[in-house]
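A look at the structure
Residues per chain are reported as follows:
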Amino acid sequence: MNLLEEFQTAAREGGFIEVLGDEYGEESVLWLKKQAQDIKTKTHQRLCIDSTLKSATVYWMNVLGKIDSKTFRTAVGLQEWVALHPAGSAMSDSPAV
């Protein structure tokens, strides 16, 4: 399995679903969102898997209304981070876009 497939598998296991449609229009990236909303911000985490940079970046809105992000170079790192931030959990200074 290549790195991009590993990122996709980790994302899906973590509750992310693919964003359908051409709203992003980029061929080198795959956008996903967490199916469950964050409890406090009522927003969904977004995940961008970039085939050019060979990375995955999670974006979310924190309780202060600011966008935060975290980039991963390995699927294992993404899996570990997702495990610490389960779907629907309240994320004070952490995830949900």
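The structure reproduced in this document is the subject of the present report.

Criteria and cut-off values
All residue numbers here refer to positions counted from 1 along the written sequence of the relevant chain. Totals for whole chains, interfaces and linings use all residues, but because this is a predicted model, local features are given only for residues with pLDDT of at least 70 and pairs of side-chain atoms are given and counted only at 80 or more. The basis for every side-chain value is the complete set of heavy atoms in the structure, and neither hydrogens nor water enter the calculation. Counting from the N terminus, the helices are the DSSP runs of H or I reaching at least four residues and the strands are the DSSP runs of E reaching at least two. In the analysis that follows, any N or O atom pair within 3.5 Å is treated as a polar contact, provided that within protein one partner can donate a hydrogen and the other can accept it, and provided that, for residues neighboring in sequence, both atoms belong to side chains. DSSP-based pairing: two strands are paired if at least 2 bridges between them are found. Axis lines are fitted through C-alpha atoms, for helices just across the contact stretch, and the angle between N-to-C directions can take any value from 0 to 180 degrees. Should any heavy atoms of two residues lie within 4.5 Å, those residues are considered in contact. Think of a salt bridge as a Lys or Arg side-chain nitrogen and an Asp or Glu carboxyl oxygen that are within 4 Å of each other. For every residue, the accessible area obtained with a 1.4 Å probe (protein chains only) is divided by the maximum for its type, and the residue is called buried under 20%, exposed over 50%, and partly exposed between those limits. Pairing of aromatic side chains requires ring centres within 6.5 Å, counting the rings of Phe and Tyr and the six-membered ring of Trp. Pairs whose planes differ by under 30 degrees are stacked, by over 60 edge-to-face, and all others tilted. The directions considered for the arc run from the helix axis to the C-beta atoms.

Considering the side chain of T43
Its location among the elements puts T43 in the loop between β2 (29-34) and β3 (46-50). Among the polar contacts listed, one links the side chain of T43 to the side chain of T41, at a separation of 2.6 Å.

As for the sheet that holds strand β4 (residues 55-61)
Pairing is antiparallel across the open sheet formed by five strands, whose spatial order is β1-β2-β3-β4-β5. A single partner strand is all that each edge strand has here, and the edge strands are β1 (16-18) and β5 (67-72). Here the average twist between neighbouring strands, direction ignored, is 25°. In this structure, β1 lies alongside β2, joined through three bridges in antiparallel fashion. What sits directly across from F16, in β2, is K34. Against the sheet, helix α1 (residues 3-13) makes contact with β1, β2, β3, β4 and β5, and its axis sits at roughly 165° relative to β3, the strand it touches most.

Some details on the pattern of salt bridges
For the structure on display, the rule yields one salt bridge. Among the ionic pairs, E18 bridges to R12, the shortest N-O distance being 3.4 Å.

Quick word on the pairing of β4
Most of β4 sits out of view: five of its seven residues are buried. Relative to β4, β3 runs antiparallel, the two being bridged by five bridges. The partner of D50 across the bridge, within β4, is S55. The antiparallel pairing of β3 with β4 creates a hairpin that spans four residues between the two strands, and K54 there sits at a positive phi of about 55°.

Examining the packing of aromatic side chains
Enumeration over the complete set of coordinates arrives at three aromatic pairs. Ring centres 5.5 Å apart and planes at 35° place the aromatic pair W60 and W81 in the tilted group. Of this pair, W60 sits in strand β4 while W81 sits in helix α2 (residues 75-84); the two residues are 21 residues apart in sequence, bridging distant segments of the chain. Residue W60 is classed as buried on the basis of its relative accessible area, which comes to 6%. Considering the side-chain rings of F72 and W81, the 5.9 Å spacing of their centres and the 55° angle between planes classify their relative orientation as tilted. The same class applies to F72 as to W81, namely buried. Ring pairing ties together the aromatic residues W60, F72 and W81, which thus form one cluster.

Some words on α2
Residue pairs three or four apart in sequence face the same way in an α-helix, which turns once every 3.6 residues. Turning to α2, its buried residues are A75, G77, L78, W81 and V82. For α2, the buried positions fall inside an angular range of 155° around the axis, keeping them on one side. Looking at α2, the residues exposed on the side facing more than 90 degrees away from the buried face are E80, A83 and L84. The inward-facing, buried residues of α2 abut α1, β1, β2, β3, β4 and β5.

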